[in-house]
Amino acid sequence: MADLMKHEATLLDIKNLSIAFGGLKAVDDLSFSINQGEIYGLIGPNGAGKTTVFNCITQFYKPDQGELRFRNKKGDIVSLTSLPTYRVLEQGIVRTFQNVELIRELSILDNVLIGAHIDYEKTTVLDELFNTGRRRREEKKQIEAARRALQFLGIDHYRLFPAGSQPYGIQKKVELARTLMSDPKLIILDEPAAGLDERETVELADEILRIRKEYDTTILLVEHDMQLVMKICDRISAINFGRLLATGTAAEIRADQKVQEAYLGVDA
Amino acid sequence: MDRQLNTFQRIYKNPYLQFLIVGVLFALLPTLRAAGMVKAGTVTVIGTTLIYTIAALGLNILLGYSGLISLGTAGFMGLAAYCSAYFTEQLALPFWQSLILALLIPTVLGVIVGLLSMRFVGIYLGIATLAVGEILSEIFRQWDAFTRGTSGARAKYPKIFGMQLDQTGMYYLIVIITIIVFILVYQLLKGRLGRALNAMRGSEAAAMAMGISVYKYRLIAFGAATLLASLAGVLYVHYIRISYPTIWGLPLSLDFLAIIVIGGLRSIYGTLVGSFVIFAMSELVLKQIPYMENYSLVLKGVLIIIFILFYPYGLAHVVSDLRMRLGRRKTKVHPLAAKEEDIDG
Amino acid sequence: MSEFFGIILRSLEYGSIYALASLSIILVFRTSFTTNFAQGMIAMFSTYFVATLIHKSGLPLGVAFVLGLIFALLLGFLIDIIVIRRAAKLSPVGKQIITLGVLSIILGLTPNIFGVYDLNMPKFIPQGDMKIAGTSISYNALLNIGLGLLVMLTLYYVLHRTKAGLAIRTTAENAPVARLMGVSTKLVTMFAWGVAGCLSLLAGMMASPFSQVSTTFMNDIQITAFLACLLGGFTTFFGAVAGSYIIAIASNLLQVYLPQGTVWGKPILYILLIGFLFLKPFGLFGKRYVKKV
Amino acid sequence: MKSLLEVKNADVFYGPIHALKGISLDVAEGSVVALLGANGAGKSTTLRAVTGLVRSRSGEIIYDGRRIDRMAEEKIARIGISHVPEGRQIFASLTTLENLMIGAYSVHDKREIDANLERCYGYFPILAERKHQLAQTLSGGEQQMLAIARGLMSSPKLLLLDEPSLGLAPLIVKSIMDIIKTIAKEGVTILIVEQNASQTLKIADYAYVLEVGRIIASGDAATLASDPALVEAYLGGKGKPIT
Amino acid sequence: MRKLLAALLVLALVVTTMATAVFAEEHAQGVTDTEILVGNTAAVSGAFAGVGVPFNAGIEAYFKMVNEEGGINGRELRFTHMDDEFDPAKGKAMMQTLVEDEEIFAYVGHFGTPVVAATLIDLEEYGIPAVYFATGIGELYNDQAEGAQRALFPVQPIYVTEGEIMVVRAVGSFEAEKIGVIYTNDDAGKDMLRGAEQMAEQLEVTLVSEQVAAGATDVSAAVTAIKNADVDFIIAASIQQTIGTIVKALVAQDVNVDVITTYVNVAPVVAEQIFADIDGKFNVYGNGWISLADEEALANLALLGEWVGEEFALNPYSLAGWTAAHFFAEGVRRVGEEPLTWENFIDKMEEAPIKIPFGGEVDFADGLRAGTTVMNLSKVASAEGWEEVEPLQSVNVILGIEEEIEETDETGDLEDPAETEEG
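Remember, it's a predicted structure, so these values are computed and weren't measured experimentally.

Caption draft 1: Structural detail: a nonpolar patch on the surface. Residue and element names in this part refer to chain B. On the surface, a cluster of nonpolar side chains totalling about 730 Å² of accessible area is made up of Leu17, Leu20, Ile21, Val24, Leu25, Leu28, Leu32 and Met37. The leading source of residues in the nonpolar patch is helix 2 (residues 15-27), at 5 residues. In this fold, Leu17 is placed in helix 2.

Quick look at the structure:
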């Protein structure tokens, strides 16, 4: 098989990925690859193993088998499986979560600033303790960056409210803003539209497109709202029972018999 | 959102100034005492309460910010107290040298215990640290050469900057250190580190995804908590002038827990208020009620239950709780409501 | 050899006490998700009640014990109804602090209600012993071991063979779904507190003849029981029992056979315990809890 | 036909999320009604509101002529509503038989329990074989069967099924659907939530299609099967009607 | 104005922390023409209420008796106390309030080991007299007290001394050669062990020791170890509750050598606790520093019962409280018409030995601060109580080094059936 990572355009290459939980194969010999600058959709019915794929990429799960290679910020090709979870971010991969993992008690601004955790340059615990000039400068810089991200998503005016008290739509945006703080090469969105109403979903589609443009990044998303997926994704992979059903454009996927079967239970 | 603040608001909203004002208020106490307006014992009760506040603040960093429970706080506080007594009395080291050692030794041990938190969660961590506290407690009782066993280890009022402190001087030192601790803790936690700890508690998954090493920050949290407990222990032994093994048992550790839950997680002032409820209320209020002397424990228990049932987010949030109750009820979820699985123990 | 056997045999008696105490902690923990720091105090309080009936009212032990069981049951109900039920929405740490409040109230009330004297508690069987493999053991010790086993077998039977047991186990595993099945989890929790009170009382009745009924006599037992729960894993009823016997036996073996054992045996046991649990963090039988993202 | 369950204008919030936005539906006695829609549409929430697992902030839920939207969960369970929750939620540490017995918790007649047990073993013979195994050792399909059987043990008048096909292979889905059909024929009213639209519409009499907390379409199962709204709800865009 | 003046005076006290604060008045603080204010802190709530409540009741009963009779030199004794919950920090704070604000004349019945240990320095700095310490920690022992230390008057035996006496009894009265010590890990147990070790070395007998936790339920390991050591006499150095546990464990493991324990345990409740278990297998002896062998002691006991009420009539702690009050009152009586100052009070306390109401006496002369050092011996005779078998004797008398001379009033006639001691 040709090594896709040889192509400059390939950002993430997943090859023969498998993981099982107690004998149940959640992901089964799955391969696909994502190109730089793409918006890539991963779809499949409930329980198909989509989130598991995300968890494997971000090293929340260590896959049983398979390769996960990524072209990181420096342009080096790294094998993600060799990294501890918390070091995936510095390679340039950032993610959101299905159930919005925000810190409820913190302000929205603080939540977004968590995304800049690794970007703080050279401020030490001592700088923090004594509130040195370096720390204040760095903090100011990051706050400006955070506010840019919040402004970009149109929620800057909420920034001082506790995140937990905000409507779900806002919380989703906060999580999105947080991903922007680390200057990512690949943003992984786990059901970004879940819980949003129609208007918010339309907004979200627009935002994802703008993020790709403004932040010059690549986006991989899992989503159940097919309207959204079909509208914004360049390519889509459909999976079921952890296996790949089809890869293609929106139209190709929608027309695919196996995909319809999986979703609607249409008899073959 | 950017409201214009007037000058007055600008001043009273400045946290540093607030801390200073609190410090000055506490520092006034000996003067009030001299004027006969408060009793002599009150100064000591409040001095001790401030010492306990420092230790409780450490636990608040651990539990409030990081979501990690410890039932061994008293053990570490005691260890520092014994170290300081041993170094200044037995080895006759100068106070400053002894202080550094007495802070360092328990903190290193605390960080090692922090390793437990890599393996234990919730109640398991709670009981494991309880066992650590029991081990320390047993050492205090048994290792006579170091602790003078059940005779208790004595210490003197310290000499700092060539100045021999007396009891009142020691009280001023406690107030000054308390305020410095407030300011440093405030600074430490309002920024990157505080956010990292918060993230770790609120969502370990989010923390890891944002590049936060849970391993490192758990150890930092344990280190900070033990450091503050140690500081409190050193102050205690040089204020009360004795360290006695029975003090550093499970009941005190549980009291620290009660302080921060009653006062409010992640709140410096809440910790202070909680500390007063647990350590000073009985002395300054309950025991003053006629015929209630024998029931002060009962009243304390009743108040603990009432506070927690009615102010589940701590007394520090009384104001925001009231605001919630008086309309403006947008959501049923309190903004500060922690999710069930965040902290358990 | 007979010495070794003797140590084991005697440890079984203490193990029974710890097992009853830890079972009451687990029962409450599993059904109302509360780590009950007041369990030892509840035991102390109801044992005081029994001792007072014997000393002040001159009731025979058996009658006083039965009244004591009713008292402990009602005390458990009362704590659940007045306090714990209202605290259902609190964080686990909040509930722990609530039990500290309960502890404080009980401790404060005891001298005011039962007086300030430490009271003697008669044994179930006052005198007599027998030899087993060269080791003498009193009938009362045998009764205690037997009672411990009987209670545990009964509990096992109730938990695994009756409808009520099914209700308890389902409440412990998944309370919302248990309610979907028609189980009144409130009632289950209330009875768990009541039964835990009775188990504690029995532990107190078995422990107090060794020393006296005083406000502090259950303190060490409570801590040992917590450690037994930790060793056995907080998620199973059986684990706490096993943990109790293991700790009782290990503690005595260490103390007898280690140089300076009676001085340093306890801390060494705790260190071994933590070391073991570091390898098996959820205890002998506990299960890991995994949060999904 | 007399309606057994009526939901009128129910609004449900999960914290800040408005999950159900004024849902109204009607389940006629003896019928099979399906709730269809994509993930997050609010189907499960509707069931949870009926059995009291979540509380509606406004609106009414009426079962058999009585309001149940403020009734305690365990009480709702005792008046003949049985909820087979999403993700099976069987008691893993209990045996198969114990799981079934807890399903019969609100039944006090020993003979009735035995009869129900026989009936369940009749539907799912595999459960009889596995009755002394711990539930956690059962396969996914078996666990789903157990969940349904457990729901039947209380002799319910109304059975709420939440995604019984979730994560199951097509063949097993088909056999489960067949059994559900049999159960319905024997007189149990069924409200079923499913992603698997075509299988469900085959056994349902009537169906509602939900999208983000609202009902966007409803009708006879047969009519709905050819409605483009359904495809739209699932796959977005303007798809062709499914068969 | 007077209040302000007083405040200024207190300020002077705080700032200078003078070793002895004698005011420019005739009498010391707390003394007026009609009353003398004294106080203490003691745990009267929670776990230690069982000790603190009867102890204070004993003090109050004695004062009430004195006051009903018109007080001492026309002054009534008034007693104030605070609840320190056994917490040293609280005890210290309350001491400051009592001494500086309430302005008590003296501490009567300082209570609880941790609190006493924590406040000894403060007491010395104040120079305030403190009569009776309801603990026996070693710090209190001083045979040449000087300056402020002279203000401290321990009455109870020091635990270390008692440990010594227990070994002396074992050797002197029971000819023991290998002694086992089972001691609790609290101050009492460890101090008694220290005393026992010192004396064993002096008398060249072998000593093996095993520890048990105070208040433990399971002490079987220590008993097994002692049994293995094959000792011929056992010292049970533990205070109440644990003594029963130890004796029962000895019985359970068929150990049948005699046991001696501390005076604290010589109480009916302990006899009741262990008599049935011992069942004649061995004897349990106990030291005592009060002896009810003479008329006067019995009369005093009756008096105590009369004033303290039925509940605490036979409580060892109320006896202790009564004794504390008696010692203080005795000092005040001796001061007589002279100004009642701290100096005077201390001098008069040292003037001559003071009799303990329940037998024996304590001599504070020349700065001796050792509490009582003569002890008698009782044994558990029935479920109701103890029986005296040896009279109050000093160490040297027990060892036969010194003749028994006018040690106490009673004859020490062992042939007579001795009185049951109720202490």
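Caption draft 2: Quick look at empty space enclosed by the protein. One pass over the full model with this rule turns up 10 cavities of 30 Å³ or more. Lining of the largest cavity is provided by 28 residues; of these, C:Ser251, C:Gln255, C:Lys266, E:Ala213 and E:Asp218 occupy positions nearest its centre. Looking at the lining of the largest cavity, the elements with two or more residues in it are helix 7 (122-142) of chain B, helix 8 (219-232), helix 9 (237-257) and helix 10 (261-279) of chain C together with strand 7 (206-212) of chain E. With 8 residues, the top contributor of residues to the lining of the largest cavity is helix 10 of chain C. Taken together, the residues that form the lining of the largest cavity break down as 13 nonpolar, 10 polar and 5 charged.

Caption draft 3: A look at unusual backbone geometry. In this structure, D:Ser155 takes a positive phi of about 45° despite not being glycine. Given the relative accessible area of 28%, D:Ser155 is considered partly exposed. Phi angles above zero are rare outside glycine, and E:Glu103 is one such case at about 55°. Relative to the assigned elements, E:Glu103 resides in the loop between helix 3 (88-101) and strand 3 (106-111). Exposure remark for E:Glu103: the relative accessible area of 26% places this residue in the partly exposed category.

Caption draft 4: Region of the structure containing the interface of chain B and chain C. Contacts between the two partners involve 44 residues from chain B, matched on the other side by 49 residues from chain C. Surface buried jointly by chain B and chain C totals about 4100 Å² across both partners, of which 78% is contributed by carbon and sulfur atoms. Counting every contact that joins chain B to chain C gives 1 salt bridge. For C:Lys266, the salt bridge is made with B:Glu138, and the minimal N-O distance between the two is 3.6 Å. Taken together, the links from chain B to chain C amount to 5 residue pairs in polar contact (both at pLDDT 80 or more). Where the side of chain B that touches chain C is concerned, the elements lending two or more residues are helix 7, helix 13 (250-263) and helix 15 (296-310) of chain B.

Caption draft 5: Seen up close, the pairing of strand 1 (residues 35-41) of chain E. Residues and elements named next belong to chain E. Counting buried residues along strand 1, 6 of its 7 residues qualify, which places the element largely inside the surrounding structure. Relative to strand 2 (residues 76-82), strand 1 runs parallel, the two being bridged by 7 bridges. When the sheet's bridge partners are listed, Gly39 is paired in strand 2 with Thr80. The pairing of strand 1 with strand 3 spans 2 bridges and is classified as parallel.

Caption draft 6: Spatial organisation of the domain arrangement of chain E. All names here are of chain E. Parsing chain E into structural domains produces domain 1 (35-157 + 293-367) and domain 2 (162-288 + 376-410). Taking the mean C-alpha position of each, domain 1 and domain 2 sit 28 Å from one another. Between domain 1 and domain 2, the residue contacts involve 15 residues of the former and 10 residues of the latter. Both sides together, the interface formed by domain 1 and domain 2 hides about 850 Å², and carbon and sulfur atoms give 54% of it. Between the two partners, domain 1 and domain 2, sit 0 salt bridges. The interface formed by domain 1 and domain 2 contains 2 residue pairs in polar contact (both at pLDDT 80 or more). Residue classes in the side of domain 1 that touches domain 2 are distributed as 5 nonpolar, 7 polar and 3 charged.

Caption draft 7: Main features of the packing of aromatic side chains. This model, assessed by the stated rule, comprises 51 aromatic pairs over all chains. Ring geometry for E:Phe174 against E:Phe233: centres 5.0 Å apart, planes inclined by 25°, an arrangement best described as stacked. Of this pair, E:Phe174 sits in the loop between helix 5 (159-172) and strand 6 (178-184) while E:Phe233 sits in strand 8 (residues 233-237), and the two are 59 residues apart along the sequence. Taking relative accessible area as the criterion, E:Phe233 reaches 1% and is therefore assigned buried. The rings of E:Phe63, E:Phe79, E:Phe105, E:Phe153, E:Phe327, E:Phe328, E:Phe345 and E:Phe364 are connected pair by pair, giving a single aromatic cluster. Over the ring of A:Phe152 we find A:Arg210; its NZ or CZ atom is 4.4 Å from the centre of that ring. Between the NZ or CZ atom of C:Lys163 and the centre of the ring of D:Tyr105, over which it lies, the distance is 5.4 Å.

Cut-offs applied
Residues numbered from 1 in each chain as written. Chains lettered and ligands numbered in written order. Predicted model: local features only at pLDDT ≥ 70, side-chain atom pairs only at ≥ 80, totals over all residues. Heavy atoms only, no water. Patch = residues over 30% accessible without salt bridge, like charges linked within 9 Å, V, L, I, M, F, W, Y side chains within 5 Å. Areas by Shrake-Rupley, 256 points an atom, 1.4 Å probe, with all protein chains shown as cover. Salt bridge = Lys/Arg side-chain N within 4 Å of Asp/Glu carboxyl O. Helix = DSSP H or I, 4+ residues; strand = E, 2+ residues; numbered from the N terminus. 1 Å grid on protein atoms, 1.4 Å probe; cavity = no way out; pocket = protein on both sides within 12 Å on 5 of 7 lines; lining within 4 Å. Points joined across faces, edges and corners; volume = space filled by probe spheres on them. Nonpolar A, V, L, I, M, F, W, Y, C, P; charged D, E, K, R; others polar. Buried < 20%, exposed > 50% of the residue type's maximum accessible area, 1.4 Å probe, protein only. Contact = heavy atoms within 4.5 Å. Buried area = accessible area lost by both parts, 1.4 Å probe. Polar contact = N/O pair within 3.5 Å; in protein donor to acceptor, adjacent residues only side chain to side chain. Pairing = 2+ DSSP bridges. Domains from an automatic or database assignment. Phe/Tyr/Trp six-rings, centres within 6.5 Å; stacked < 30°, edge-to-face > 60°. Lys NZ or Arg CZ within 6 Å of the ring centre and 35° of its normal.

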